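Structural overview
Read off the chains here:
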Amino acid sequence: MVLAVILCTVQVVPKQAHAAPYAAMVIDARTGEVLHSRNADTQLHPASLTKMMTLYIAFEAIKRGEISPDTVVTITGKAAAEPPSKLGLRKGQKIKFRYLIRAAAVKSANDAATAIGIAISGSEAAFARRMNRTAKALGMTRTHFKNAHGLTENGHLSTARDMTTLGRHLFYDHPQYYNLFSRITTDAGMRAVSNTNRRFLSSYKGADGIKTGYTRAAGFNLVASAERGSERIITTVFGGRSTATRNAKVAELMDLGFRRAPSRAPVRKPALPVYAAVDTDLDKPGGAGKTIRLITAVKVSPRPTPRPVTQDPAAQAQLAALTESIKDAVVTAIAEPEPVVVAEAAPAPAAPPVTETAIEAEEPLAEVVASAAPARPAMPKAQPLFTGTAAPASAAPVAVAAPVTVPTPPARPEAIVLTSLQPQAETPAEPEVVTRMSTSGGRHWAINVGVLGSRYQAERTLLKTALKEIDTLDEALRKVVRRSNGWHANFVGMTEAQADLACRRLNARNTRCKVLGPS
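Residues numbered from 1 in each chain as written. Predicted model: local features only at pLDDT ≥ 70, side-chain atom pairs only at ≥ 80, totals over all residues. Heavy atoms only, no water.

1. Notes on a nonpolar patch on the surface
On the surface, Leu319, Leu322, Ile326 and Val330 cluster together to form a nonpolar patch covering roughly 380 Å² of accessible area. Mapped onto the fold, Ile326 is located in helix α10 (residues 313–335). (Patch = residues over 30% accessible without salt bridge, like charges linked within 9 Å, V, L, I, M, F, W, Y side chains within 5 Å. Areas by Shrake-Rupley, 256 points an atom, 1.4 Å probe, with all protein chains shown as cover. Salt bridge = Lys/Arg side-chain N within 4 Å of Asp/Glu carboxyl O. Helix = DSSP H or I, 4+ residues; strand = E, 2+ residues; numbered from the N terminus.)

Shown next as structure tokens:
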């Protein structure tokens, strides 16, 4: 009877780790500043915190084009045989890569983590080498991985500092995937799965991730992140005695972090890691390397060599003959120009002989005409018609061309009146009415994000809101209006659609917003 009571007592005792070493670290995620640490550099068993690195590499592989979320993965026997926690994958089963990511991040499924590693690197050993290269690139100097899931294995170790660093990189390097860690449940393809961190997510204000871990050797581990206002704290705990005591300790350290973190701090994102493109196979000296295909921009595009053109001999001979005939035609046209036909004037009737008296009488007129006429090009020198003396009587009479008759234009009719001669009376112009058009393009709408006690507070609220929702408020103008109930912080110069969208997005972020129509 006593034995039965003892057995019953053992059955109701909650699962606890056997004196796993304790370690902790708290940082300001914005700057990386350490706010608290305890045994932060002691190498311990990370348990399923390992899956943070597995998922980080999965996100990197998608980003680099090595794999797609919709890639269909065939499950190997190695992945299907992993112990719980697991999704229940079967050997030969086909499943999309996105569901493996969800199962590993939310359910902490070991079979899904191993399937991710094999899908990316071909084997778990090759993936573990990539995990170690990535850890080194991230600055995780005291971490060494042996598998993708985190089950206890000799030499598979990390520290609270390194896991905190990894959690910060997950948040800043891949923000589009970070929401996975805050999902209470998710669709993993085969079935819906629940988050192993759902108790802390539901109980601590502002908590939105990241990952739990448990083995007997590691104890209850957790890397958690929470945001309140503009402050974000990341806390890591190794060696908790139970889920409840671990969560309580993490909440205590989170509160400490929010008390110590400054309200305003610049965001200094961690540097992105530099990857080696070749698997050097460090665990196997002399082993063949695996090249990772990356999607990069094309830098050089050499022009291809022109294809040699071969023609039929008969066609070539015909082309040569045609070319020669064209040349002959051109030479002939140049050498034999067509004759130009010049019309000859009819002979003029004979004129009486010109006497010296007539010549003397016409000289003054000739001089006037010569002086008034414009300069002409020099003509070929010809024999003079007259010499200094009168021509002898026996000389032949000089022929003079008949005068050219110019037709006289008809007289202008008297009925035509020239406007320039009879100016009309000026008619006063009608006044032109110009309507001023609006250039605002319908931007008469505004939004109000608060009524504050001072102009400084209102301007500060407008600046913080603009930075928070820069996509929709980038073109809006910040305006502070003083009224009887306080200082109104408004964004003006918006269309109705822009104002409505901005308010809906701000309300989703728990920021007060009110749409103001045209006044």
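2. With respect to unusual backbone geometry
A cis geometry characterises the amide bond from Pro84 onward to Ser85, with omega recorded as 5 degrees. Examined against the element boundaries, Ser85 turns out to sit in the loop between α3 (77–80) and β4 (94–96). Residue Gly209 is joined to Ile210 through a cis peptide bond whose omega torsion reads 15 degrees. Along the chain, the position of Ile210 falls in strand β7 (residues 207–215). Of note, the phi angle at Asn39 is positive, near 55 degrees, even though the residue is not glycine. Its place among the elements puts Asn39 in the loop between β2 (34–38) and α2 (50–63). Residue Asn39 is classed as partly exposed on the basis of its relative accessible area of 42%. At Ser108, a position not held by glycine, the phi torsion is positive, near 60 degrees. Looking at the secondary structure, you find Ser108 in the loop between α4 (97–107) and α5 (110–121). Accessibility expressed as a relative area gives 6% for Ser108, which makes it buried. (Buried < 20%, exposed > 50% of the residue type's maximum accessible area, 1.4 Å probe, protein only.)

3. A short note on the sheet that holds β7
In space, the 5 strands of this open sheet follow the order β2-β1-β9-β8-β7, with antiparallel pairing throughout. Each edge of the open sheet carries a strand with a single partner, namely β2 and β7. Strand-to-strand, the axes of this sheet are offset by a mean angle of 5 degrees, without reference to chain direction. In this structure, strand β1 (residues 23–28) lies alongside β2, joined through 4 bridges in antiparallel fashion. Bridged to Val26 within β2 is His36. Across the sheet, helix α7 (residues 160–173) lies against β1, β2, β7, β8 (219–228) and β9 (231–240), angled at about 140 degrees from β9, the strand it touches most. (Pairing = 2+ DSSP bridges. Axes fitted to C-alpha atoms, helices over the stretch in contact; angles between N-to-C directions. Contact = heavy atoms within 4.5 Å.)

4. Some remarks on helix α9 (residues 243–260)
In this model, α9 (18 residues) spans 26 Å end to end at C-alpha, consistent with the 26 Å of a helix rising 1.5 Å per residue. Taken together, the buried positions of α9 are occupied by Arg246, Asn247, Val250, Ala251, Leu253, Met254, Leu256, Gly257 and Phe258. Buried positions along α9 lie against β1, β2, α8 (198–203), β7, β8 and β9. (Expected span 1.5 Å × (residues − 1).)

5. Points about the pattern of salt bridges
This model, assessed by the stated rule, comprises 15 salt bridges. The partner of Asp70 in a salt bridge is Arg98, and the shortest N-O contact between them spans 2.9 Å. Residue Asp70 is found in the loop between α2 and β3 (72–74), and its partner Arg98 is found in helix α4; the two are separated by 28 residues along the sequence. Here Glu469 makes a salt bridge to Arg505, at a shortest N to O gap of 2.9 Å. In this pair, Glu469 is assigned in the loop between α12 (455–468) and α13 (470–473) and Arg505 in helix α14 (residues 496–508), connecting sequence segments 36 residues apart.

6. Thoughts on the sheet that holds strand β13 (residues 477–483)
Reading across the sheet, the 4 strands line up as β13-β14-β12-β15 and stay open at both edges, with antiparallel pairing between neighbours. Only two strands of the sheet have a single partner each, and these edge strands are β13 and β15 (514–516). Each strand of the sheet is rotated relative to its neighbour by a mean of 35 degrees, with strand direction disregarded. Note that strand β12 (residues 445–452) and β15 share 3 bridges and pair antiparallel. When the sheet's bridge partners are listed, Ile447 is paired in β15 with Val515. Docked against the sheet, α14 engages β12, β14 (486–494) and β15, running at close to 35 degrees with respect to β12.

7. Details of the nonpolar core
Met53, Phe97, Leu100, Ile101 and Ile116 are the most contacted members of the largest nonpolar core, which has 58 residues in total. Taken together, the elements giving at least two residues each to this core come down to β1, α2, α3, α4, α5, α6 (124–138), α7 and β9. With 9 residues, the single largest contributor to this core is α2. Excluding its chain neighbours within four sequence positions, the residues that come into contact with Ile116 are Thr54, Leu55, Ala58, Phe97, Leu100, Ile101 and Ala104. (Core = buried A, V, L, I, M, F, W, Y, C linked by side-chain atoms within 4.5 Å.)

8. Things to note about the packing of α2 against α4
Their axes nearest at 10 Å, the elements α2 and α4 cross at an angle of 155 degrees. One element, α2, and the other, α4, form an angle in the roughly antiparallel class. When you trace α2 past α4, the crossing you get is left-handed. Counted together, Lys51, Leu55, Ala58, Phe59 and Ile62 of α2 and Phe97, Ile101, Ala104 and Ala105 of α4 form the full contact between these two elements. A class-by-class count of the residues in the contact of α2 with α4 yields 8 nonpolar, no polar and 1 charged. (Parallel < 35°, antiparallel > 145°, perpendicular 65-115°, else oblique. Left-handed = near helix turned anticlockwise from the far one by under 90°. Nonpolar A, V, L, I, M, F, W, Y, C, P; charged D, E, K, R; others polar.)

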